Amino acid sequence: MSSEQRPILSVRDLKTYFFLDEGTVKAVDGVSFDVYPGQVVGIVGESGCGKSVTVRSVLRIVEKPGRIVAGEIFFRPRKGNGRLLEGSQDGYVDLARLDAQGREMRAIRGAEIALIPQEPMAAFSPVHTIGDQIMETILLHQAVNEEEARRLGIERLREVGIPNPEQRMEAYSWELSGGLRQRAMIAMALSCHPTLLIADEPTTAIDVTTQAQVLNLLRSLQQQHNMSIIFITHDLGVIAQIAEYVLVMYLGRLMETGPVVDIFHHPLHPYTRALLKSIPSVYTRSRTFLPTIEGSIPHPFNRPPGCPFHPRCSQFTAGICDQKTPLLQPVNEQQSVSCFLYHRRAEED
Amino acid sequence: MKHTTRDERTLLEVKHLKKHFPIRKGFLRRLVGQVKAVDGVSFYINEGETLGLVGESGCGKTTTARCILRALDPTAGQILFRTASGQVVDLATLPENELRPLRREMQMIFQDPFASLNPRMNLLDIVGEPLLVIEGIKSRKERAERVAEILRLVGLRPEYMQRFPHAFSGGQRQRIVIARALALHPRLVVADEPVSALDVSVQAQVLNLMMELQQRLNLTYLFVAHDLSVVKHICNRVAVMYVGKLVETAPTDELFYHPKHPYTEALMSAVPVADPRIRSAMIPLEGDVPSPANPPPGCYFHPRCRYAVDICSQEAPNLEEIEDNHFVACHRAHELKLRGIGG
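Residues numbered from 1 in each chain as written. Chains lettered and ligands numbered in written order. Predicted model: local features only at pLDDT ≥ 70, side-chain atom pairs only at ≥ 80, totals over all residues. Heavy atoms only, no water.

Asks: Which residues make up the overall build of chain B, and what values go with them?
Replies: A count of helical and extended segments in chain B gives 9 helices and 12 strands. Over its C-alpha atoms chain B spans a radius of gyration of 21 Å, differing by no more than 12% from the 20 Å that the globule rule assigns to 343 residues. Summarising its shape, the C-alpha atoms of chain B cover approximately 70 × 55 × 50 Å along the three principal directions. For chain B, the residues scored as buried account for 58% of the 343 residues in total. At a minimum sequence separation of 6, the contacts of chain B that also span at least 24 residues come to 64%. Summed over all atoms, the accessible surface of chain B reaches about 14900 Å², with 49% contributed by carbon and sulfur. Treating the 43 positive side-chain charges of chain B as one cloud and the 39 negative ones as another, the clouds have centres 6 Å apart. (Helix = DSSP H or I, 4+ residues; strand = E, 2+ residues; numbered from the N terminus. Rg over C-alpha atoms; globule rule 2.2 N^0.38 Å. Buried < 20%, exposed > 50% of the residue type's maximum accessible area, 1.4 Å probe, protein only. Contact = heavy atoms within 4.5 Å. Areas by Shrake-Rupley, 256 points an atom, 1.4 Å probe, with all protein chains shown as cover. Lys, Arg positive; Asp, Glu negative; His and termini not counted. Charge placed at Lys NZ, Arg CZ, Asp CG, Glu CD.)

Asks: Please provide a residue-by-residue account of the overall build of chain A, values included.
Replies: Scanning chain A for helices and strands turns up 11 helices and 12 strands. For chain A, the spread of C-alpha atoms along the principal axes amounts to about 65 × 55 × 45 Å. The buried share among the 349 residues of chain A stands at 54%. Excluding contacts between residues fewer than 6 apart, the proportion of contacts in chain A whose partners are at least 24 apart in sequence is 63%. Looking at chain A as shown, the accessible area adds up to about 15300 Å², and 48% of this sits on carbon and sulfur atoms.

Asks: So, helix α1 (residues 51–58) of chain A: which residues are in play, and what are the values?
Replies: Residues and elements named next belong to chain A. A large share of α1 lies buried, amounting to 6 of its 8 residues. All buried positions along α1 are accounted for by K51, V53, T54, V55, S57 and V58. One or two residues past the end of α1 sits R60, with phi positive at roughly 60°.

Asks: Account for the nonpolar core, naming residues and giving values.
Replies: Counting residues in hydrophobic clusters, the biggest one holds 118 residues, and the most contacted among them are I186(A), L197(A), F231(A), V127(B), I178(B), M210(B) and F223(B). Membership of the second largest hydrophobic core comes to 34 residues, among which are I43(A), V58(A), L59(A) and L95(A). (Core = buried A, V, L, I, M, F, W, Y, C linked by side-chain atoms within 4.5 Å.)

Asks: An account of helix α11 (residues 270–278) of chain A is requested, with residue identities and associated values reported.
Replies: Within the sequence span of α11(A), burial applies to P270(A), Y271(A), T272(A), L275(A) and S278(A). The inward-facing, buried residues of α11(A) contact α9 (236–242), β9 (245–250), β10 (253–259) and α10 (260–265) of chain A together with α6 (200–217) of chain B.

Asks: Could you give me a rundown of the sheet that holds strand β5 (residues 93–94) of chain A, with the residues and numbers involved?
Replies: All names here are of chain A. Taken in spatial order, the 4 strands of this open sheet run β2-β1-β4-β5, and their pairing is antiparallel. Each of the sheet's edge strands pairs with one partner strand only, and the pair in question is β2 (23–35) and β5. Bridge count for strand β1 (residues 9–20) against strand β4 (residues 66–75) is 8 bridges, and the pairing is antiparallel. Within β4, the position partnered with R12 by the bridge is E72. Strand contacts of α1: β1, β2 and β4, with the helix running at about 110° to β1, the strand carrying the most contacts. (Pairing = 2+ DSSP bridges. Axes fitted to C-alpha atoms, helices over the stretch in contact; angles between N-to-C directions.)

Asks: Which residues make up the interface of chain A and chain B, and what values go with them?
Replies: Counting residues at the interface gives 49 residues for chain A and 49 residues for chain B. Summing the contributions of chain A and of chain B, the shared interface buries around 4100 Å²; its carbon and sulfur component is 55%. On the chain A side of the contact with chain B, Q241(A), V282(A) and R287(A) bury the most area, a combined 19% of that side's loss. Taken together, the links from chain A to chain B amount to 0 salt bridges. Across the chain A-chain B interface, the total number found is 18 residue pairs in polar contact (both at pLDDT 80 or more). Elements with a contribution of two residues or more to the side of chain A that touches chain B: α8 (208–225), α9, α10 and α11 of chain A. Per element, the largest residue contribution to the side of chain A that touches chain B is 9 residues, and it comes from α8(A). For the side of chain A that touches chain B, the residue count by class is 23 nonpolar, 19 polar and 7 charged. (Buried area = accessible area lost by both parts, 1.4 Å probe. Salt bridge = Lys/Arg side-chain N within 4 Å of Asp/Glu carboxyl O. Polar contact = N/O pair within 3.5 Å; in protein donor to acceptor, adjacent residues only side chain to side chain. Nonpolar A, V, L, I, M, F, W, Y, C, P; charged D, E, K, R; others polar.)

Asks: Account for the pattern of salt bridges, with residues named and values stated.
Replies: Scanning the model with the defined rule gives 29 salt bridges over all chains in all. A salt bridge links R158(A) to E166(A), with the shortest nitrogen-to-oxygen separation between them at 2.8 Å. Taking the relative accessible area as the measure of exposure, R158(A) reaches 48% and is therefore partly exposed. The exposure class of E166(A) is partly exposed, given its relative accessible area of 42%. The residue R104(B) makes a salt bridge to E135(B) at a minimum N-O spacing of 2.5 Å. Residue R104(B) is found in the loop between α2 (96–103) and β6 (106–109), and its partner E135(B) is found in helix α3 (residues 123–135); the two are separated by 31 residues along the sequence.

Asks: How would you explain the packing of aromatic side chains if you had to name every residue and give the values?
Replies: Counting across every chain of the model gives 9 aromatic pairs over all chains. Considering the side-chain rings of Y242(B) and F301(B), the 5.2 Å spacing of their centres and the 85° angle between planes classify their relative orientation as edge-to-face. With Y242(B) in strand β9 (residues 237–242) and F301(B) in the loop between α9 (262–270) and β11 (320–323), this residue pair connects regions lying 59 residues apart in the sequence. A relative accessible area of 2% places F301(B) in the buried class. An aromatic cluster of at least three residues, connected via ring pairs, comprises Y250(A), Y271(A) and F309(A). The ring of F256(B) carries the charged tip of K232(B) above its face, separated from the ring centre by 5.9 Å. The ring centre of Y44(B) lies 4.1 Å from the NZ or CZ of R237(B), which sits over that ring. (Phe/Tyr/Trp six-rings, centres within 6.5 Å; stacked < 30°, edge-to-face > 60°. Lys NZ or Arg CZ within 6 Å of the ring centre and 35° of its normal.)

Asks: Could you give an account of the pairing of strand β3 (residues 50–54) of chain B, with specific residues and numbers?
Replies: All names here are of chain B. Most of β3 is tucked away: 5 of the 5 residues are buried. Burial of the side chains of β3 extends over both faces: T50, G52 and V54 are buried on one face and L51 and L53 on the other. Of the strand pairs in this sheet, β3 and strand β8 (residues 220–225) are connected by 5 bridges, and their pairing is parallel. Residue G52 lies in a different strand from β8, and its bridge partner there is F223. Pairing geometry for β3 and β9, over 4 bridges, is parallel. Across the sheet, residue V54 finds its bridge partner in β9, namely V240.

Asks: With reference to specific residues and values, describe a nonpolar patch on the surface.
Replies: On the surface, a nonpolar cluster with roughly 220 Å² of combined accessible area is contributed by L132(B), V133(B) and I134(B). With relative accessibility at 33%, the residue I134(B) sits in the partly exposed group. (Patch = residues over 30% accessible without salt bridge, like charges linked within 9 Å, V, L, I, M, F, W, Y side chains within 5 Å.)

Asks: An account of the packing of helix α5 (residues 170–182) of chain B against α6(B) is needed here, citing residue identities and associated values.
Replies: Residue and element names in this part refer to chain B. Contact pair α5 / α6: the axes reach a minimum separation of 10 Å and the direction vectors enclose 20°. By the angle between their directions, the pair α5 and α6 is classed as roughly parallel. As for how α5 packs across α6, the hand of that crossing is right-handed. Two secondary-structure elements touch here, α5 through G171, Q174, R175, I178 and L182 and α6 through V202, Q205, V206, L209, M210, L213 and L217. (Parallel < 35°, antiparallel > 145°, perpendicular 65-115°, else oblique. Left-handed = near helix turned anticlockwise from the far one by under 90°.)

Asks: Go over the environment of H166(B) with me, naming the residues and quoting the values.
Replies: Residue and element names in this part refer to chain B. With respect to the helices and strands, H166 occurs in the loop between α4 (140–153) and α5. A relative accessible area of 62% places H166 in the exposed class. As a C-alpha pair, H166 and V243 span 77 residues in sequence and 37 Å in three-dimensional space.

Asks: An account of the environment of C67(B) is needed here, citing residue identities and associated values.
Replies: Residues and elements named next belong to chain B. Summarising the element assignment, C67 is placed in helix α1 (residues 61–68). For C67, a relative accessible area of 0% corresponds to the buried category. When the C-alpha atoms of C67 and K19 are compared, they prove to be 7.9 Å apart, with 48 residues separating the residues in sequence. Leave out the neighbours within four places in its chain, and C67 touches L17, K19, L72, P74 and I79.

What follows is the structure, given as structure tokens:
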């Protein structure tokens, strides 16, 4: 198989739990997915579904008391990053086994896998200039001197469409508008040409016209650099516009995965279906009652037994859904679903 | 002084409303400028109707809402309100003692149900407080009966009355906020981003509840929001704000399908369509929203407008009714053919 058809990231049965005094929160509870080179994978889900913890696990920045308790995170670094691959047969490293603060992980984080966080206001340091922060990243990961790093930094700022990049290098994050700040954040994330970019709700904190600018920018940068992107959002409109492949998460598990067109036009899982119907759209008729999903997301300490969605599911079958947890199984050529309506494979306890 | 509104059905009419905040600097707190947060806004709402007020952050929509409720004192302009007794009063200039009996007729639903409920008060106290303060119902038992009735109305179980806000989910909390707002049977409800802090699966429940309550109680809503899909869904008419001014007001479908202001067109095209087959050509809006402390001359939108001509940078356009019920503030409104959603 050529390397282009092999995933750049392959997550297998990942479990990340938080151990609190009150109990254990299973934030991510058995998640598996692949990301291929140049692919934009969208993760959708409501708050608390574990989408952020999933990608933070990949970056190995899960905060205590959380930790990865099981699963593998196979990542294929660039050829040049050879030292990482000692002992590896097929060109993959298991990030879950690396020391989170160790040298290997630090060589990957920021250089090969970069993050665009949700709140650019909180992510930039207010006491250092934008330029210093971008140069710091470049100096850390690339063998260049300060002058060269500065030139690269200006180039990145220009690439993301920031006017007068030379002057903006001297600006502080609080001097920039929301849109420019998010662009600067993207420039910083791209400063070392990562092969995998993780965007964690990058447009949630900004206005709709700025969001359109940022989405257009990400789309064109992705094509130019042939990057892979994992794009997290709760906004299905954004997912429809940017993703090729979609993962639908609920309470730490994947409910359904598939190409974006199938997820939107041929959803299979009752949760995906209900979610799509309950969202007001500018295309639906005004002032009609929306179909709703009954109830609300359970508290993480009171996870229902069996399928996590069963208490809110309209197609719930007593005796099955509340007792066994369905596995994510392929049900046609494109889509995989974890629901007993489509298959019988359950998790063995 | 006698005031008149647009017609008999008008519950609220805002005329040339302004709210300027002074910018002071230095030791002597010298006045160095004005932030014109709201700068000459005019609109009306008919009884039983929902008017959406949309715009990007910082455009002055929340300030407008707060002025109407007199949480802020407006700098200039009129806020005409038809009271339950049929009299039209100007809320903008009414002294506090005359305003107080009218407070019960206007209530507010806040954005963040995690911040707007006192964590140390149970539901009986939260929803019952307006009954005690405004209606003067001293008996706790009587209040509890009224509270139970209101909780049932918003779809909460009366048994929850002794519980505290932390025991409820976001959607339930927003129901509590709605219950508190409805406790005094208001006629006008100002809802400031009531669903933007909620999960998508819960948003629909709250939107449905608000529409249902409107029908049942003949409520009038001023619905402030930035999410255009939500606004399209719930509003009869929509007003679009940009840097402290209204640029366009029209019935919802008219505004979404036939926008007449270039800013409205850009807003419409920026909404991501929840259909992967329609990867829309979003009209890129260059640059940033100007600061309300230092807006550009002429039309505030002209530096970003792709249709701008000479006059746009010289003269500020007025909000004019160019078709029945369709108000636009644009020099070129008559000649431009703009694209609405799906266009």
